Amino acid sequence: MIRLVPTTIADEAIKNLYEEAFPEEERRPWNQQLSLVASGKLQLLQIAREDAFAGFIFYWNLPAFSFIEHFAIHPAARGGGAGTQVMQLMEAQLKGIVLEVEPPVTEQAIRRIKFYERLGYQTFAESYYQPPYYPHYPPLELRLMQKGLPPAAATFPDIKNQLYKYVYNK
């Protein structure tokens, strides 16, 4: 059984998986991540499977939707529908969800996009560039996906503007 446990403590297991699952250009410096969680702006859920650490989700509650910024399942907990269960639990407790994915140019990125599409997420056609977390990186080309947003709230410019304003301070 999968459980999502709200926490404000990002322990070593979460930090290690965060650094293993995301390349540097896709993750915020750890001290900034901890500061955002401590401030309450960024929410952290620890994923537990049979009471063992199974992963994490960092997400934002924004005015028109929730934004899943980072989601990772620990390799030992993968399979058996863990990711699907996590997303179903998230969808049950949040308003519409937006997330970023890599462009479909690698096998892993294609698998990730297909995973979200099977869950009913739709990809926006417009180009999207994530502002860099570090000054030595350029903006990162990604795709935005959404589920559960009413048509009036699901406009690409409005979603991008909220992400830039609240998440990236741009």
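Residues numbered from 1 in each chain as written. Predicted model: local features only at pLDDT ≥ 70, side-chain atom pairs only at ≥ 80, totals over all residues. Heavy atoms only, no water.

Caption draft 1: Structural detail: the pairing of strand β8 (residues 140-147). As paired elements, strand β5 (residues 97-101) and β8 share 5 bridges and run antiparallel to each other. Bridge pairing in β8 links V101 to R143. Bridge count for strand β6 (residues 122-123) against β8 is 2 bridges, and the pairing is antiparallel. In the strand pairing of β8, Q122 is matched with Q146. (Pairing = 2+ DSSP bridges. Helix = DSSP H or I, 4+ residues; strand = E, 2+ residues; numbered from the N terminus.)

Caption draft 2: Molecular detail of unusual backbone geometry. Of note, the phi angle at D51 is positive, near 65 degrees, even though the residue is not glycine. With respect to the element layout, D51 can be found in the loop between β2 (42-49) and β3 (52-61). One non-glycine residue, N169, lies in positive phi territory at about 50 degrees. Relative to the helices and strands, N169 resides in the segment after α5 (156-167). A relative accessible area of 66% means that N169 is categorised as exposed. (Buried < 20%, exposed > 50% of the residue type's maximum accessible area, 1.4 Å probe, protein only.)

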